[in-house]
Structures are given as C-alpha cells and as structure tokens.
Amino acid sequence: MAFPNQRKRINRASHAIRNLVAETTLHPHDFVAPIFIQGGTDIKSEIPSMPGYFRYSLDRVMTEIQELVALGIQSVLLFIKEDDDKKDNTGAYAANPNGLMQQAIRAIKAQFPELLVMTDVALDPYSSYGHDGIVDIEKEEIVNDASVKALVKMALSHVEAGADWVAPSDMMDGRIGAIRDAFNTNGYAHKGILAFSAKYASALYGPFRDALDSAPGFGNKKTYQMDPRNRKEGINEAYLDEGEGADMLMVKPGSFYLDVVRDLSEASNLPIAVYQVSGEYAMIKAASEKGWLNEQDIMMESLIAFKRAGAKIILTYFAKEVTKHLIKNYPNS
Ligand code: PBG
C-alpha cells in the first residue's frame, strides 16, 4: 500500500472544503441574548467586570433589542435589578404585576411580538439576603418548599405579563414540576420551561452578581447549586427536570462543563442549552484587552465548542458580537 493512503489534509486544503466538511456551525438562530434591565430612564450603564455589556433602563433597552432583532437574534432572557426597597425575605415582590420585570415583559412583547421572551425565575434580585430562595435566618438555611411556592407565583406573574418561556435558575428541588402544574391549571399550559438543570456553584458568576448587585449576603449557594466535582448528578438533575415537565434543559456554566453538556445531550432527547456565563465572557474580554488572546477567534472557538459538545442553544453575552461576525464573514468563516 502506497504511503500514506489517507491524507487527512485533503479535507483541510481550502476554505471551501473546510466549510463543506465542517461538522459544526453557528447561526444567529442559535443564540439567546441575556438582557439586564434596571429602573429609571435614559440609562445605559456599562458593567465594569463585563466590558462592552450594559444594564439598560426600560426606555433604552428597546433600542438594544431592536438592534438584536435586526441582526436576526430571535430570543432574549431577561434579568432585572430591583431597588433595595423592593427586597425582603419573602420574594413577594417578585410576583408583583407592576414590578420592573413584569413591566419589561409587557413593553417588550408589545413592541416585538415575534421575539421569544424568556425570563429568569429565582428570588435573588428580590432577596435582602441575595439568595435564590427564602432564608431561615436562624438556621442560615435556604428553605426549599416555601421558596418553590414563591417561585411558582413569580413564574405565573411572568407568563401573565406575556413571557413566552420561564427559565428557573434557582435550583430548588421540585420547582419545575410545581411551575408546570401551575401553568397547566391556570391556562398557561402552552408556555415553555427552560430548566437550569445542571447549574453548578461556580466562581464564574461574579461579574453577573456585580451587574445585578446580587451577591449572597451570607454564606454561598452550595446548598442548592451543584458541586463542580459531580458529573452523574447533572444527568440525574436533567432526568428529574424532564420528568417534571421541562421543555429544554440547560448546563451552566459552559466552558468548564462541556462533559456535562455531552452527557445531557446523550441522556435526553430534549433540546440542550448551555449558558456561557459572565465570568467566561469576562475572561475572554480581559485577556483580549491585554492583547494576549484574539477576541474574535476565542469567541468563535468557545461557542463552537458548545455546539460540538452537543448543545443546540447557546445563551451568551457575545450574542450580538458573534452574530455580527457571522454576517460579515459568511460564507468564509
Ligand atoms: C441567579 C443567577 C445567576 C446567574 C444567572 N441567574 C447567578 C447566581 O446563581 O448567583 C449567573 C449568570 C452569569 O454569571 O452570567 N439566579
């Protein structure tokens, strides 16, 4: 046999052949753009640990969403930063029909009826303790079942305001089933649930907590978010959420958890989403600002990795940047 009879470089020889054999591609439809909203008017405030990413007042966020929609991004995930006087230890304000989140949903859906609007469901923006659930302060414990009740009310208020999907990020046990039941019995059976199934207690959420001023007031989130040492537990969480009625499963953070993305994509036939979180964005931005890495190349490589690992949907702070890049470079990217 002539040496070598398999020349792998033949399939790498040009843009055209590389594109033809590429197993993984990115498209603007793959992305969900997280959006940070705050009170007030005429505010566009850069988050110091997330260069190029902003918190908007409701009036200004419309222009940003307009831009995303024009680029072909079809879906957003809304987060809000409430004023301190709205925070307590009951999560009651989270379900207020006139809260900032509910106002934002109504305003955005009114202007962009086709846009898929997802909302974050967790108590941390409303918690005086910065936790995702209700706190038993004497025991310093996050109380599961009472928190689920508050989360159900919160989720209902979002779909009542017009949200298409809710995305519970709180990691309380049983919340997906409780929200699904409440949707079914209140006329919202058609609404979607994106379960943050394998959400790890990660140090990568720091910049997000800066953005929303939501760092835990005491302790950490390790009694509800998952231990980074565990892989099978992620699969277990995913099966539970699927059984409870989730429509899509998510792994979070992304880059450090690609094994879990692969596992979930093999374990479940639901679409798998992955969240490239604030710390991942911050690392890429910081190294690029220093000139140590090429931002666009790293952005593309990090996002392709999610697809290759088995994710269908990518939540990323790069949504706008990557979409612009794809449009500019297609078909030679
Ligand atoms: C809170 C929530 C967090 C993120 C999304 N929802 C932070 C946390 O769990 O403390 C992190 C997102 C990011 O870092 O980009 N429910």
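Residues numbered from 1 in each chain as written. Predicted model: local features only at pLDDT ≥ 70, side-chain atom pairs only at ≥ 80, totals over all residues. Heavy atoms only, no water.

### As for the overall build of the chain
A count of helical and extended segments in the chain gives eleven helices and twelve strands. Scaling as 2.2 N^0.38, a compact globule of 333 residues should have a C-alpha radius of gyration of about 20 Å, and the chain matches this with 20 Å. Its C-alpha atoms give the chain principal-axis dimensions of about 75 × 45 × 40 Å. By the burial criterion, 53% of the 333 residues in the chain qualify as buried. Just so you have it, the chain exposes about 15400 Å², and 51% of that area is on carbon and sulfur atoms. Positive and negative charge centroids in the chain, built from 36 and 44 side chains respectively, lie 8 Å apart. (Helix = DSSP H or I, 4+ residues; strand = E, 2+ residues; numbered from the N terminus. Rg over C-alpha atoms; globule rule 2.2 N^0.38 Å. Buried < 20%, exposed > 50% of the residue type's maximum accessible area, 1.4 Å probe, protein only. Areas by Shrake-Rupley, 256 points an atom, 1.4 Å probe, with all protein chains shown as cover. Lys, Arg positive; Asp, Glu negative; His and termini not counted. Charge placed at Lys NZ, Arg CZ, Asp CG, Glu CD.)

### Topic: the environment of Val21
For Val21, the location among the structural elements is in helix α1 (residues 15–21). Looking at Val21, the relative accessible area reads 39%, which means it is partly exposed. Val21 sits 238 residues away from Asp259 along the chain, and the two C-alpha atoms are 24 Å apart.

### Description of the site of the ligand
Taken together, 18 residues lie around the ligand, and Arg209, Lys221, Lys252, Ser278 and Tyr317 are the ones closest in. The contact in question runs from an oxygen atom of the ligand to an N or O atom on the side chain of Ser278, over 2.7 Å. Structurally, the ligand is housed in the largest cavity. (Near = heavy atom within 4 Å. Polar contact = N/O pair within 3.5 Å; in protein donor to acceptor, adjacent residues only side chain to side chain. 1 Å grid on protein atoms, 1.4 Å probe; cavity = no way out; pocket = protein on both sides within 12 Å on 5 of 7 lines; lining within 4 Å. Sits in = over half its atoms within 2 Å of the grid points.)

### Side note on the pairing of strand β12 (residues 313–316)
Residue alternation in β12 divides its side chains into two sets, Ile313 and Leu315 and Ile314 and Thr316, and both sets are buried. Both strand β1 (residues 31–38) and β12 contribute to a ladder of two bridges, which runs parallel. Directly across from Val32, in β12, lies its bridge partner Leu315. The pairing of strand β11 (residues 272–276) with β12 spans four bridges and is parallel. Counterpart to Tyr275 in the pairing with β12 is Leu315. (Pairing = 2+ DSSP bridges.)

### Here we look at the layout of surface pockets
Computed from the structure, the second largest pocket encloses a volume of approximately 260 Å³. Lining of the second largest pocket is provided by 18 residues; of these, Gly52, Tyr53, Glu64, Tyr317 and Lys320 occupy positions nearest its centre. Elements represented by at least two residues in the lining of the second largest pocket include exactly β1, β3 (50–57), α2 (58–71), α9 (278–289) and α11 (319–329). With five residues, β3 is the single largest residue contributor to the lining of the second largest pocket. Among the residues forming the lining of the second largest pocket, the class breakdown is twelve nonpolar, one polar and five charged. (Points joined across faces, edges and corners; volume = space filled by probe spheres on them. Nonpolar A, V, L, I, M, F, W, Y, C, P; charged D, E, K, R; others polar.)

### Describing the pairing of β1
β1 sits mainly inside the fold: eight of its eight residues count as buried. In the sheet, β1 pairs with strand β4 (residues 75–81) via seven bridges, with the strands oriented parallel. Counterpart to Phe36 in the pairing with β4 is Phe79. Sheet topology places β1 next to β3; three bridges connect them, and they run parallel. Pairing of Phe36 across the sheet is with Arg55, part of β3.

### What to know about the nonpolar core
Membership of the largest hydrophobic core comes to 105 residues, with the highest contact counts inside it found for Phe36, Ile37, Leu77, Leu78, Ile108, Phe183 and Tyr275. With nine residues, the top contributor of residues to this core is helix α4 (residues 144–161). Not counting chain neighbours up to four residues away, the residues in contact with Ile37 comprise Tyr56, Leu58, Val61, Leu78, Phe79, Ile80, Lys81, Leu100, Ala104 and Ile108. (Core = buried A, V, L, I, M, F, W, Y, C linked by side-chain atoms within 4.5 Å. Contact = heavy atoms within 4.5 Å.)

### Focus on empty space enclosed by the protein
With the rule as written, the count across this model stands at one cavity of 30 Å³ or more. For the largest cavity, the calculated volume is near 140 Å³. Tallied by class, residues from the lining of the largest cavity come to seven nonpolar, three polar and seven charged.

### With respect to the pattern of salt bridges
Using the criterion set out here, one finds 19 salt bridges in the structure. Two residues, Lys307 and Asp30, come together in a salt bridge whose shortest N-O distance is 2.9 Å. With Lys307 in helix α10 (residues 295–309) and Asp30 in the loop between α1 and β1, the pair connects residues that are 277 residues apart, well separated along the chain. When its relative accessible area of 17% is taken as the criterion, Lys307 is described as buried. (Salt bridge = Lys/Arg side-chain N within 4 Å of Asp/Glu carboxyl O.)

### Let's talk about the side chain of Ser288
Relative to the elements of secondary structure, Ser288 occurs in helix α9. Judged by relative accessible area, Ser288 falls into the buried class, the value being 14%. Aside from chain neighbours lying at most four places away, what touches Ser288 is Leu293, Asn294 and Glu295.

### As for the packing of aromatic side chains
In the structure shown here, the tally under the stated rule is 15 aromatic pairs. Judged by centre distance (6.0 Å) and plane angle (45 degrees), the rings of Tyr275 and Tyr317 are tilted. Taken together, the positions of Tyr275 in strand β11 and Tyr317 in the loop between β12 and α11 put the pair 42 residues apart, joining distant regions of the chain. With respect to class, Tyr275 is no different from Tyr317; both count as buried. Within the aromatic cluster, the residues linked to one another by ring pairs are Phe36, Tyr53, Phe79, Phe196, Phe208, Tyr275, Tyr281, Tyr317 and Phe318. Its end group placed over the ring of Tyr205, Lys199 keeps NZ or CZ at 5.3 Å from the ring centre. (Phe/Tyr/Trp six-rings, centres within 6.5 Å; stacked < 30°, edge-to-face > 60°. Lys NZ or Arg CZ within 6 Å of the ring centre and 35° of its normal.)

Function cannot be inferred from these measures alone, as they are strictly geometric.
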